[in-house]
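The lines below spell out each chain.
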Amino acid sequence: MLMQKSTGNMSSPEPGKILIVDDDTYHLYIYTKILEAPGRDIHIAQSGDEALKILMKEEGISLILLDVKMPGMSGFDTLILIRQNKKLRDIPVIFISGEHQTEASMHRGFQLGAYDYILSPPDEEYLKNKVNVILALNRQKKELSHKTEELSRQKEQLEAIFTTVPSLLIVLDKEATATTVNQAFQHIQEKYPEISTHHFVSQLTEEIKTCFLTGRPISKQLNLELDDQTSLIFDSVISPMQIGKKNPELLLTITDVTDSQLAADLRKTMRELEYTNKEMEQSAYSVSHDLNEPLRTVEGFANLLSQHCKGKVDSKTDEFIQLIQEGAVRMKRMIKDILDYSRIGTQDTPLEPVDTVQVIDIVTANLARAIDESQAQIFYKDLPKVQADESQMIKL
């Protein structure tokens, strides 16, 4: 590294921003001529103070060529101040000495962090190659730093996603063993302590094997029954995950869809109920129509019989005929009530004042035979009128 001989040309000059510091104007001119090339920005300074001002003003200085012996502030003193500045401390420095270099002087230069220590005038090709290598290394170092920063940023983003995503995340190794879970999984364990990764992995044995073999994501819905009879529904997605040269892993993403599934089931039930109600209404209308026909015949003949036998039969026969007529009327009312009941929920029935005594009279008449057979006794007194649907009260 210290030999002053030619080492051959490099293919192309490396671009960069160079600062040359020397109190000798001729040396500045020579070094500038040797190092100037397309893509290079060369700055010059004739003292340590001037060099420091340029360094504080200019961004992106890639290399400093620094004379050791200068009036006022020496090259060594200048480098000491450069290394004390956090912004400047990593800039490569090559010392150039116009005097015979001593072992102590060289040792001092390298001790301060110089990349090289060469005599002036230097071998032209050696200086070109040396600067080219340092600029290339510095560029690669900056690129690596940028890539490291980008990777660090991406890592932070992934960690933030892994931490904040509401879905449960489980990382599985090649043995299908859970190696990592996110905070969402920890939260659901706080709510349901009995839940473990095994509850999910055990339901996905075949899917995990297939995902490892094919490298393709697989979806499946999972049902979980807890000890307290709580039923939970989850959507799961198994995705392959390869990080560097590590063994392949799987990412199991689990989303709790219990509430949305229950809502969907409720909507389905409501649709089925609506369909059933329509069918019941149609059926009730058909039945009421079919029952009304023979009932009108019974009622008609009972009326004719009443008129024909009026005053010609005993009182007992008149009572029987009257019971037939009253039964026909009650039957007509019951058929109408069945039809009205089938329409509940499809139309609003206005509430009206209802005489509860009259309601009881109708009900006891409808249930007369059952009351007689059971020898039941019905007691009531001074019942009020209420706002209600009379037909519904009768059914009740």
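Residues numbered from 1 in each chain as written. Predicted model: local features only at pLDDT ≥ 70, side-chain atom pairs only at ≥ 80, totals over all residues. Heavy atoms only, no water.

Quick notes on the pattern of salt bridges
(1) Moving on: Tallied over the full model, the rule gives 9 salt bridges.
(2) Moving on: The partner of Glu36 in a salt bridge is Lys33, and the shortest N-O contact between them spans 3.5 Å.
(3) Moving on: Overall, the relative accessible area of 42% leaves Glu36 in the partly exposed class.
(4) Moving on: Residues Glu143 and Arg139 are paired through a salt bridge, measuring 3.2 Å at the closest nitrogen-oxygen approach. Highlighted residues: Glu143 and Arg139, both in helix H5 (residues 124–164), separated by 4 residues, approximately one helical turn.
(5) Moving on: Residues participating in the shared-partner salt-bridge network are Glu14, Arg139 and Glu143. (Salt bridge = Lys/Arg side-chain N within 4 Å of Asp/Glu carboxyl O. Buried < 20%, exposed > 50% of the residue type's maximum accessible area, 1.4 Å probe, protein only. Helix = DSSP H or I, 4+ residues; strand = E, 2+ residues; numbered from the N terminus.)

Notes on unusual backbone geometry
(1) Moving on: In the segment running from Ser120 into Pro121, the intervening peptide bond is cis, with an omega of 0°.
(2) Moving on: For Ala176, which is not a glycine, the phi torsion comes out positive at approximately 65°.
(3) Moving on: Within the element layout of this structure, Ala176 appears in the loop between strand E6 (168–172) and strand E7 (178–181).
(4) Moving on: Assessed through its relative accessible area of 24%, Ala176 is described here as partly exposed.
(5) Moving on: For Gln375, which is not glycine, the phi torsion reads 55° and is therefore positive.
(6) Moving on: If you trace the backbone, Gln375 turns up in the loop between helix H12 (368–374) and strand E12 (385–388).

Here's the deal with the sheet that holds strand E1 (residues 16–21)
Sheet strands pair by backbone hydrogen bonding; their relative direction is either parallel or antiparallel.
(1) Moving on: Pairing is parallel in the open sheet, where 5 strands are placed in the order E2-E1-E3-E4-E5. Each of the sheet's edge strands pairs with one partner strand only, and the pair in question is strand E2 (40–45) and strand E5 (116–119). Shown here is a sheet whose adjacent strand axes are inclined to one another by a mean of 20°, direction ignored.
(2) Moving on: Where strand E4 (residues 93–97) and E5 come together, 4 bridges link them in parallel fashion. Counted as the bridge partner of Ser97 is Leu119 from E5.
(3) Moving on: Packing against the sheet, H5 makes contact with E1, E2, strand E3 (63–67), E4 and E5, and its axis sits at approximately 140° to E3. (Pairing = 2+ DSSP bridges. Axes fitted to C-alpha atoms, helices over the stretch in contact; angles between N-to-C directions. Contact = heavy atoms within 4.5 Å.)

A look at the packing of aromatic side chains
(1) Moving on: If you walk through the whole model with that rule in mind, you get 4 aromatic pairs.
(2) Moving on: For the ring pair Phe185 and Phe200, a centre distance of 6.2 Å and an interplane angle of 70° mean the geometry is edge-to-face. Of this pair, Phe185 sits in helix H6 (residues 183–191) while Phe200 is found in helix H7 (residues 197–201), placing the two residues 15 residues apart along the sequence. Comparing Phe185 with Phe200, the two get one shared label, buried.
(3) Moving on: The exposure class assigned to Phe200 is buried, which follows from its relative accessible area of 0%.
(4) Moving on: A connected cluster of aromatic rings, assembled from ring pairs, spans Phe76, Phe95 and Tyr117. (Phe/Tyr/Trp six-rings, centres within 6.5 Å; stacked < 30°, edge-to-face > 60°.)

Let's talk about the sheet that holds strand E9 (residues 231–241)
(1) Moving on: The antiparallel open sheet is built from 5 strands, whose spatial order is E7-E6-E10-E9-E8. Looking at which strands have only one partner, the edges of the open sheet turn out to be E7 and strand E8 (218–225). Strand after strand, the sheet turns through a mean of 25° between neighbouring axes, direction not considered.
(2) Moving on: Note that E9 and strand E10 (residues 249–256) share 8 bridges and pair antiparallel. Paired with Ser236 across the two strands is Ile254, which belongs to E10.
(3) Moving on: Along the sheet, helix H8 (residues 205–214) makes contact with E6, E8, E9 and E10, crossing E9 at roughly 20°.

Here we look at the confidence of the model for the protein chain
(1) Moving on: Of all residues in the protein chain, 89% attain a pLDDT of 70 or more, and the chain-wide mean is 82.
(2) Moving on: For the stretch residues 1–8, pLDDT sits under 50, and the model shows 25 contacts to residues farther than four places along the chain or on other chains. (pLDDT = per-residue confidence, 0-100.)

Observations concerning a nonpolar patch on the surface
(1) Moving on: Where nonpolar side chains cluster on the molecular surface, the patch consists of Leu291, Met331 and Met334 and spans about 230 Å² of accessible area.
(2) Moving on: Assignment of secondary structure puts Met331 in helix H10 (residues 315–342). (Patch = residues over 30% accessible without salt bridge, like charges linked within 9 Å, V, L, I, M, F, W, Y side chains within 5 Å. Areas by Shrake-Rupley, 256 points an atom, 1.4 Å probe, with all protein chains shown as cover.)

With respect to the side chain of Ser236
(1) Moving on: For Ser236, the location among the structural elements is in strand E9.
(2) Moving on: A polar side-chain atom of Ser236 sits 2.7 Å from the main-chain carbonyl oxygen of Lys220.
(3) Moving on: If near-sequence neighbours (up to four positions away) are discounted, Ser236 is found in contact with Leu204, Ile218, Ser219, Lys220, Leu222, Leu252, Thr253 and Ile254. (Polar contact = N/O pair within 3.5 Å; in protein donor to acceptor, adjacent residues only side chain to side chain.)

Digging into H6
(1) Moving on: Those residues of H6 that sit buried are Ala184, Phe185 and Ile188. Around the axis of H6, the buried residues are gathered within 100° of arc, so they sit on the same side.
(2) Moving on: In this structure, the buried side of H6 is in contact with E6, E7, H7 and E9. (Arc of directions from axis to C-beta.)

Examining H8
(1) Moving on: Within the span of H8, buried status applies to Glu207, Ile208 and Cys211. Taken down its axis, H8 places every buried residue within 100° of arc, on the same side. Those residues of H8 that are exposed and aimed more than 90 degrees away from the buried face are Glu206 and Leu213.
(2) Moving on: Tucked inside the fold, the buried residues of H8 contact E6, H7, E8, E9 and E10.

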